[in-house]
Amino acid sequence: MKGLIKTISAAAVVLAVTLTAGAVPGRKDAGEAFLRQIRERDSVLIADQLVYGFRIDGLPEGAGLSLPDCSKMFPDSIMVLSDWRLDTLKVRKKQGTADISGSVVITSFEEGEYRLPDLAVVRELPGGDSDTLVFKGATLDVRTMPVDTATFVPHDIKGQIRYPLTFAEILPYLAALHLAALIVVLVWAVISVRRKKRTGATGTAQEPPYIVALRGLDKFRGNRYWAPDKQKFFYSGVTDVLREYISSRFGVGAMEMTTAEIFDGLKDKDIEPALRDEALELFRTSDLVKFAKMTVSDEENMKAVPAAVRFVTATWKTEEEKEEGNVL
């Protein structure tokens, strides 16, 4: 005999529950036990969990129940996953009764049809009388997944689905690539300056225009100035750096000139047409942002600083190559 006392209070209805392996005289049929899946499906498969139990309606206040020992009542092919659980379904205060249910959780790992045992529940009434309510056991049919061996054809394991990349996913890598390129240019520029100093250059060392320009453009990296209300500052800053560089590098008074005048002065300079057209497009975009209050997309904003860097590095390399040729 295994004893376990549980007390459930629901609107003055008290159930004293005792687990027992035997039954008390005074048996009578009380209907059928219920059997339902925890996760409803059209069939019961191996390892599915099911709730098996009984329901008693109109249990008087103060009555007690003695439940069978669930660890011994099922066959070896049925596994009990939880002990008895009593739930109060409905309370009738005026009548002094309640509807309750008791259940355990079961499962099976073997295919087959099983006859579940009857549930013999001893009901002890407040006056001292007792009787045994017998709930007819249900039938459990456990199945495996059917495989048609006549038509079954094995297939290779499919690889992972590859979705197309979006611009937002590529943007951080593009920004990192541009940053790496800018760092390489700056390192190259610093090394070149130090090399010139070691060859015997005297006097106060003044930074070349391209170093000043690249340092100025570095302040506008990233997207912190891409918001519509900051784009005027962004494009003015980028083009002002280029104006100073053009003035120092080519001797064109770009600081006081319009866009058309600047690039008219650059026509006779040794600049690749594609490079000059890209810089011209950048200046025109800047004019539209500053004077026409145009809002530029993130894709165009991302191109601004790299275009300015390309203009500076390409024209600086051309001049550097000429100077090295004259020295040789």
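Coordinates for the structure precede this section.
Residues numbered from 1 in each chain as written. Predicted model: local features only at pLDDT ≥ 70, side-chain atom pairs only at ≥ 80, totals over all residues. Heavy atoms only, no water.

### Considering the overall build of the protein chain
Right, so step 1: A count of helices and strands for the protein chain gives 6 helices and 14 strands.
Right, so step 2: Expressed as a percentage of the 328 residues in the protein chain, the buried residues total 37%.
Right, so step 3: Sequence-distant contacts, at least 24 apart, represent 66% of the contacts inside the protein chain between residues at least 6 apart.
Right, so step 4: Of the roughly 20,600 Å² that the protein chain leaves accessible, carbon and sulfur atoms contribute 54%. (Helix = DSSP H or I, 4+ residues; strand = E, 2+ residues; numbered from the N terminus. Buried < 20%, exposed > 50% of the residue type's maximum accessible area, 1.4 Å probe, protein only. Contact = heavy atoms within 4.5 Å. Areas by Shrake-Rupley, 256 points an atom, 1.4 Å probe, with all protein chains shown as cover.)

### Regarding the packing of aromatic side chains
Right, so step 1: Under the criterion given, the structure shown has 14 aromatic pairs.
Right, so step 2: Taking 5.8 Å as the distance between ring centres and 55° as the angle between the ring planes, the aromatic pair formed by Phe54 and Trp84 counts as tilted. Of this pair, Phe54 sits in strand β6 (residues 50-60) while Trp84 sits in the loop between β8 (78-80) and β9 (85-92), and the two are 30 residues apart along the sequence.
Right, so step 3: Its relative accessible area of 0% is what places Phe54 among the buried residues.
Right, so step 4: Owing to a relative accessible area of 4%, Trp84 belongs among the buried residues under this scheme.
Right, so step 5: Grouped by ring-pair contacts, the aromatic residues Phe220, Tyr225, Phe233, Phe234 and Tyr235 constitute a single cluster. (Phe/Tyr/Trp six-rings, centres within 6.5 Å; stacked < 30°, edge-to-face > 60°.)

### Details of a nonpolar patch on the surface
Right, so step 1: On the surface, a cluster of nonpolar side chains totalling about 350 Å² of accessible area is made up of Ile46, Met79, Leu81 and Phe109.
Right, so step 2: For Phe109, the location among the structural elements is in the loop between β10 (97-108) and β11 (112-115). (Patch = residues over 30% accessible without salt bridge, like charges linked within 9 Å, V, L, I, M, F, W, Y side chains within 5 Å. Salt bridge = Lys/Arg side-chain N within 4 Å of Asp/Glu carboxyl O.)

### A look at the packing of helix α3 (residues 231-250) against helix α5 (residues 273-291)
Right, so step 1: Taken N-terminus to C-terminus, the directions of α3 and α5 make an angle of 140°; their axes are 9 Å apart at the nearest point. The angle between α3 and α5 falls in the class oblique. For α3 against α5, the interelement crossing comes out left-handed. On the side of α3, the interface is formed by Gln231, Lys232, Tyr235, Ser236, Val238, Thr239, Leu242, Arg243 and Ile246, while α5 contributes Leu282, Phe283, Thr285, Ser286, Val289 and Lys290. (Axes fitted to C-alpha atoms, helices over the stretch in contact; angles between N-to-C directions. Parallel < 35°, antiparallel > 145°, perpendicular 65-115°, else oblique. Left-handed = near helix turned anticlockwise from the far one by under 90°.)

### Re the sheet that holds strand β5 (residues 44-45)
Right, so step 1: Pairing is mixed across the open sheet formed by 3 strands, whose spatial order is β5-β14-β11. Where the open sheet ends on each side, the last strands, each with one partner, are β5 and β11.
Right, so step 2: Strand direction decides the pairing type here: β11 and strand β14 (residues 139-143), joined by 4 bridges, are antiparallel. Among the inter-strand pairings, Arg115 is bridged to a residue of β14, identified as Thr139. (Pairing = 2+ DSSP bridges.)

### Some thoughts on the environment of Ala63
Right, so step 1: Within the secondary structure layout, Ala63 lies in the loop between β6 and β7 (64-68).
Right, so step 2: Taking C-alpha positions, Ala63 is 9.4 Å from Ser130, a pair spaced 67 residues apart along the chain.

### Structural notes on the nonpolar core
Right, so step 1: In terms of nonpolar packing, the biggest core is built from 39 residues, with Ile246, Leu266 and Phe311 touching the most fellow members.
Right, so step 2: Put simply, the parts of the chain that give this core at least two residues each are α1 (167-198), α2 (209-218), α3, α4 (259-265), α5 and α6 (298-327).
Right, so step 3: Apart from residues lying up to four places away in sequence, Leu266 is in contact with Ile246, Phe250, Val252, Ile271, Arg276 and Phe311.
Right, so step 4: Counting 28 residues, the second-largest nonpolar core is a separate cluster that includes Ala33, Phe54, Leu59 and Tyr114. (Core = buried A, V, L, I, M, F, W, Y, C linked by side-chain atoms within 4.5 Å.)

### Quick look at the pairing of strand β12 (residues 119-124)
Right, so step 1: Most of β12 sits out of view: 5 of its 6 residues are buried.
Right, so step 2: As paired elements, β7 and β12 share 3 bridges and run antiparallel to each other. Opposite Gly64, over in β12, you have Glu124 as the bridge partner.
Right, so step 3: Two elements, β12 and strand β13 (residues 130-136), share 6 bridges in a ladder whose sense is antiparallel. By the bridge assignment, Val122 is partnered in β13 with Thr132.
Right, so step 4: Hairpin geometry of β12 and β13 is characterised by an intervening segment of 5 residues between the two adjacent antiparallel strands and by a positive phi of about 105° at Gly128.

### Here's the deal with the side chain of Thr239
Right, so step 1: With respect to the element layout, Thr239 can be found in helix α3.
Right, so step 2: Judged by relative accessible area, Thr239 falls into the buried class, the value being 1%.
Right, so step 3: Leave out the neighbours within four places in its chain, and Thr239 touches Leu282, Phe283, Ser286 and Lys290.

### Some details on unusual backbone geometry
Right, so step 1: Positive phi values are uncommon outside glycine, yet Ala47 reaches one of about 75°.
Right, so step 2: Within the element layout of this structure, Ala47 appears in the loop between β5 and β6.
Right, so step 3: Exposure remark for Ala47: the relative accessible area of 37% places this residue in the partly exposed category.
Right, so step 4: Of note in the backbone geometry, Lys293 takes a positive phi value of approximately 55° without being a glycine.
Right, so step 5: Along the chain, the position of Lys293 falls in the loop between α5 and α6.
Right, so step 6: With relative accessibility at 74%, the residue Lys293 sits in the exposed group.

Take it as geometry only, folks, not as evidence of what the structure does.
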